[in-house]
Amino acid sequence: MTDFNPPKNWIQIKTIDMHTGGEPLRVIVEGFPELQGNSVLEYRRYCKANFDHLRTALMFEPRGHADMYGCILTPPNDNDGDFGVIFLHNEGYSTMCGHAIIALSTLAVEMGWIDVQEGENFLKIDTPCGRITSFANVHEGKVTGVRFHGVPSFVVGLDRTLEVENLGKVTYDLAYGGAFYAYVDMVKNHFNFDLTPNSYRTLISAGMDIKRAVMQQDREIIHPFEDDLSFLYGTIFIGDSAHPNIDSRNVCIFAEGEVDRCPTGSGVSGRMAIHRARKEIEIGETLAIESITGSVFKGSVVSEADYGPFRSVIPQVEGSAYITGVHTFLIDPKDPTKDGFIL
């Protein structure tokens, strides 16, 4: 026998697991309790207040791991949207996730959640930071790539400095691409580590030290329209690539020390705002940015607009995602580790 029929009092949650550039996404498709609210932000608040133990059960060990990432699908904010999404990770709930948008756009085609046509398919996805438009290219019924237009992305400050314990003086840019990041250029800072897997542990430690220092010092991590978005999500180290056709490398340390395996969609969005502010990129010009695993996103600027007190850009990010598994996770109410743990 290979089938197991769990007792009726066990929780069963079904997921479709994916990855974008190596970064995991656990898409919860069935079994999660109904969320109350009228918008993605309200659904997120309700989930945080009532079902956070299910987030930890699905993201933490033994079902997940320290770098697991997931999402819950919700209704859209209005009838014009296709669906909404709440993002989950080891620290809580993020405001934007580009790799998840790429994966979900791929999954929407594979699952027939939209009317699929050959060529470009247009989706409207509501996230905590706003509506994202994505474009899934389909050839012979299969997705060959996804690009999305992010929310207005802007620079708060360039070349800011602060003292960080164990690192000394650190220069960083503060920008928003759906989430706030401190961008740290390896050329401007003289660290004794690089952006390869060999420096994995050091990157986590340094990234979290910088994040905490910026949170303590920088009082301008404030979204112009939404208090729920006003927090620093992570540190992004920027360096050169060893590959001639790649412009640079991103390594993002986010949440509680997670290392992004992909180049970070919201991070690339913020970088487009930085490059535009420095007059280093023209509208429509594309930059290829790789991750610590060597996976690549392409970033560009679609347009510019005023956004509250900021001059913002609408970024475009391109990438590909793949399905890795279909799971039914079981939660035995008598299991002492039923809500998960993390080391």
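Each value, and the rule that gives it
Residues numbered from 1 in each chain as written. Predicted model: local features only at pLDDT ≥ 70, side-chain atom pairs only at ≥ 80, totals over all residues. Heavy atoms only, no water. 1 Å grid on protein atoms, 1.4 Å probe; cavity = no way out; pocket = protein on both sides within 12 Å on 5 of 7 lines; lining within 4 Å. Points joined across faces, edges and corners; volume = space filled by probe spheres on them. Helix = DSSP H or I, 4+ residues; strand = E, 2+ residues; numbered from the N terminus. Patch = residues over 30% accessible without salt bridge, like charges linked within 9 Å, V, L, I, M, F, W, Y side chains within 5 Å. Areas by Shrake-Rupley, 256 points an atom, 1.4 Å probe, with all protein chains shown as cover. Salt bridge = Lys/Arg side-chain N within 4 Å of Asp/Glu carboxyl O. Buried < 20%, exposed > 50% of the residue type's maximum accessible area, 1.4 Å probe, protein only. Phe/Tyr/Trp six-rings, centres within 6.5 Å; stacked < 30°, edge-to-face > 60°. Lys NZ or Arg CZ within 6 Å of the ring centre and 35° of its normal. Core = buried A, V, L, I, M, F, W, Y, C linked by side-chain atoms within 4.5 Å. Domains from an automatic or database assignment. Contact = heavy atoms within 4.5 Å. Buried area = accessible area lost by both parts, 1.4 Å probe. Polar contact = N/O pair within 3.5 Å; in protein donor to acceptor, adjacent residues only side chain to side chain.

## As for the layout of surface pockets
Consideration 1: When its volume is computed, the largest pocket comes out at roughly 300 Å³.
Consideration 2: In terms of lining, the largest pocket is formed by 21 residues, of which the most central are Asp-185, Ile-238, Arg-271, His-275 and Glu-280.
Consideration 3: For the lining of the largest pocket, the secondary structure elements donating two or more residues are β9 (168–176), β10 (180–185), β11 (232–239), α5 (265–277) and β14 (286–290).

## Here's the deal with the environment of Asn-192
Consideration 1: With respect to the secondary-structure elements, Asn-192 resides in the loop between β10 and α4 (200–217).
Consideration 2: Separated by 123 residues in the primary sequence, Asn-192 and Pro-315 place their C-alpha atoms 32 Å from one another.

## Considerations on a nonpolar patch on the surface
Consideration 1: On the surface, Val-29, Met-111 and Trp-113 cluster together into a nonpolar patch covering about 250 Å² of accessible area.
Consideration 2: Examined against the element boundaries, Met-111 turns out to sit in the loop between α3 (98–110) and β5 (119–127).
Consideration 3: We classify Met-111 as partly exposed; its relative accessible area is 42%.

## Some details on the packing of aromatic side chains
Two aromatic rings are characterised by how far apart their centres lie and by the angle between their planes.
Consideration 1: This model, assessed by the stated rule, comprises 18 aromatic pairs.
Consideration 2: Arranged with centres 4.9 Å apart and planes meeting at 10°, the rings of Phe-191 and Phe-193 form a pair that is stacked.
Consideration 3: Here Phe-191 falls in the buried class, since its relative accessible area comes to 15%.
Consideration 4: Seen in terms of ring centroids, Tyr-233 and Phe-254 are 5.3 Å apart; in terms of plane orientation they differ by 50°. Their pairing is tilted. Pair noted here: Tyr-233 is in strand β11 and Phe-254 is in strand β12 (residues 248–254), with a separation of 21 residues, a long-range link. The pair Tyr-233 / Phe-254 is uniform in exposure class, with both members buried.
Consideration 5: Joined through ring pairs, the aromatic side chains of Phe-154, Tyr-176, Phe-180, Phe-225, Tyr-307 and Phe-310 make up one cluster.
Consideration 6: Cation over ring: Arg-147 sits above Phe-135, and NZ or CZ is 4.1 Å from the ring centre.

## Re the nonpolar core
Consideration 1: Ranked by size, the top nonpolar core spans 87 residues in total, and within it Leu-25, Leu-203, Val-214, Phe-237 and Met-272 carry the most contacts.
Consideration 2: The residues that make up this core include at least three from each of domain 1 (11–149 + 323–331) and domain 2 (153–319).
Consideration 3: Dropping the residues within four chain positions of it, Leu-25 is found in contact with Ile-16, Asp-17, Met-18, Tyr-69, Gly-70, Cys-71, His-99, Ala-100, Ala-103 and Leu-104.

## Looking at empty space enclosed by the protein
Consideration 1: Following the criterion strictly, the structure yields 1 cavity of 30 Å³ or more and no others.
Consideration 2: Approximately 90 Å³ is the volume found for the largest cavity.
Consideration 3: In terms of lining, the largest cavity is formed by 14 residues, of which the most central are Cys-97, Tyr-181, Asp-260, Thr-264 and Ser-266.
Consideration 4: Of all elements in the fold, only α3, β12 and α5 reach the threshold of two or more residues within the lining of the largest cavity.
Consideration 5: Summarising the domain contributions, the lining of the largest cavity has at least three residues from each of domain 1 (11–149 + 323–331) and domain 2 (153–319).

## Considerations on the domain arrangement of the chain
Consideration 1: By domain assignment, the chain separates into domain 1 (11–149 + 323–331) and domain 2 (153–319).
Consideration 2: Here the C-alpha centre of domain 2 lies 23 Å away from the C-alpha centre of domain 1.
Consideration 3: At the interface, 28 residues of domain 1 touch 34 residues of domain 2.
Consideration 4: Summing both sides of the interface, domain 1 and domain 2 together bury roughly 2,200 Å²; the carbon and sulfur share of this comes to 52%.
Consideration 5: A salt bridge links Asp-67 to Arg-261; the nearest nitrogen and oxygen atoms lie 3.3 Å apart.
Consideration 6: The interface formed by domain 1 and domain 2 contains 15 residue pairs in polar contact (both at pLDDT 80 or more).
Consideration 7: Secondary-structure elements contributing two or more residues to the side of domain 1 that touches domain 2 are α1 (40–50), α3 and β7 (142–149).
Consideration 8: Element by element, the count of residues in the side of domain 1 that touches domain 2 is highest for β7, at 5 residues.

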